[in-house]
Amino acid sequence: MLPVLECRGAPRDLGFDQGVACAREVASALAVRSSGARAVRVERDLWRHFPHLAERCAGLARGARVSRRALARALEAELEPDASPAGGRAVALLPERSGAGPRLVRAQGRSPASPLRLRRSEPDSGYRSLELTEAFGVGALAGVNEAGLAAAVTVLPAKQLGDCAAPSRLLVQDCLQHLDGARKAADWCLRRPAGGRAALLFTDAEESLGVLLGGEHRSLLDPSDGLLVGPGPDLADDPLEKSLAELRVLDPETLQRCLPACDLLWLDPVERRLGWTEDESGTVRYRPLLR
């Protein structure tokens, strides 16, 4: 399993801890990012709509000794029409489908384009959370907080930018820090400005919900028969959703067979823990949020 990066304090302190610990990985990842025309707008909207994450980004830039504009260019890549899904798909399982309690699973490609880290965030204000993120990322790709909310995002190719250039995936970190339930998180994301296109899934002890965002468009995603599969690039015809719907129980071994080219990140909102599978056996190795 990936090592855990410990980040504590005010937003700039959280980012600074990450920047210092991941300085080499951040510099290497950003070196291959080309300058983009929207980077100025991305940075502007980050400060306007996600001020805590903008402060965190400033701290990360200082800790890693890179520019804030370079980090904005990395976020800008998620707004492009050919943006690749950030690690794959997300699936929410209600207890009758998981063979255990509620679970939120995120499939992660085994050759990610960017270095990944597990991060424990302990902000001065808000909930603590355990998350998966890129070394240069201020927002989480997936995570679980101490209030019992699990969240995951899949970035989808963007058809339109909309009025906001701060990527939709940043909403995950806001939800983990401030909210304690799937319904509250979904309602929050339906109202908040964000750019690009993404599918966000949320699970707590009682229910699972999702939100599909694309430019100014927002739509709520509800589970069917105990299963909620986050949309892929082709919304009209999803072979993964069809194949999973035919299976009664999706335990770790079964789900691993359905996603053979991926490692699976398992989020348990009841026990507040994050698990990882790295082989075909489907064995889940969990880390608790609280030490």
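Residues numbered from 1 in each chain as written. Predicted model: local features only at pLDDT ≥ 70, side-chain atom pairs only at ≥ 80, totals over all residues. Heavy atoms only, no water.

On to the environment of Ala 61, then. With respect to the secondary-structure elements, Ala 61 resides in helix α4 (residues 51-64). With 43 residues separating them in the primary sequence, Ala 61 and Gln 18 have C-alpha atoms 9.4 Å apart. (Helix = DSSP H or I, 4+ residues; strand = E, 2+ residues; numbered from the N terminus.)

Right, let's talk about the sheet that holds strand β2 (residues 90-93) for a bit. The strand order across the open sheet built from 6 strands is β11-β2-β3-β12-β13-β14, with neighbouring strands paired in antiparallel fashion. This sheet does not close on itself; its edge strands, each paired only once, are β11 (227-229) and β14 (285-288). Across the sheet, the axes of successive neighbouring strands diverge by a mean angle of 20°, strand direction being ignored. In terms of strand pairing, strand β12 (residues 262-268) meets strand β13 (residues 273-277) through 5 bridges, oriented antiparallel. Among the inter-strand pairings, Trp 266 is bridged to a residue of β13, identified as Gly 275. (Pairing = 2+ DSSP bridges. Axes fitted to C-alpha atoms, helices over the stretch in contact; angles between N-to-C directions.)

Once that is clear, we can look at the side chain of Arg 197. The residue Arg 197 is located in strand β8 (residues 197-203) in this model. Given a relative accessible area of 9%, Arg 197 falls into the buried group. Within the structure, Arg 197 has its side chain in polar contact with the backbone oxygen of Pro 157 (distance 2.9 Å). (Buried < 20%, exposed > 50% of the residue type's maximum accessible area, 1.4 Å probe, protein only. Polar contact = N/O pair within 3.5 Å; in protein donor to acceptor, adjacent residues only side chain to side chain.)

In this section: empty space enclosed by the protein. Going through the model one piece at a time under the given rule, you end up with 4 cavities of 30 Å³ or more. As a volume, the largest cavity reaches approximately 100 Å³. Cys 57, Leu 71, Ala 74, Leu 75, Glu 78, Glu 134, Phe 136, Gly 137, Val 138, Gly 139, Arg 169 and Leu 170 are the residues that line the largest cavity. Here the lining of the largest cavity takes 3 residues from helix α5 (residues 68-76), the largest share from any one element. Partitioned by chemical class, the residues of the lining of the largest cavity number 7 nonpolar, 2 polar and 3 charged. (1 Å grid on protein atoms, 1.4 Å probe; cavity = no way out; pocket = protein on both sides within 12 Å on 5 of 7 lines; lining within 4 Å. Points joined across faces, edges and corners; volume = space filled by probe spheres on them. Nonpolar A, V, L, I, M, F, W, Y, C, P; charged D, E, K, R; others polar.)

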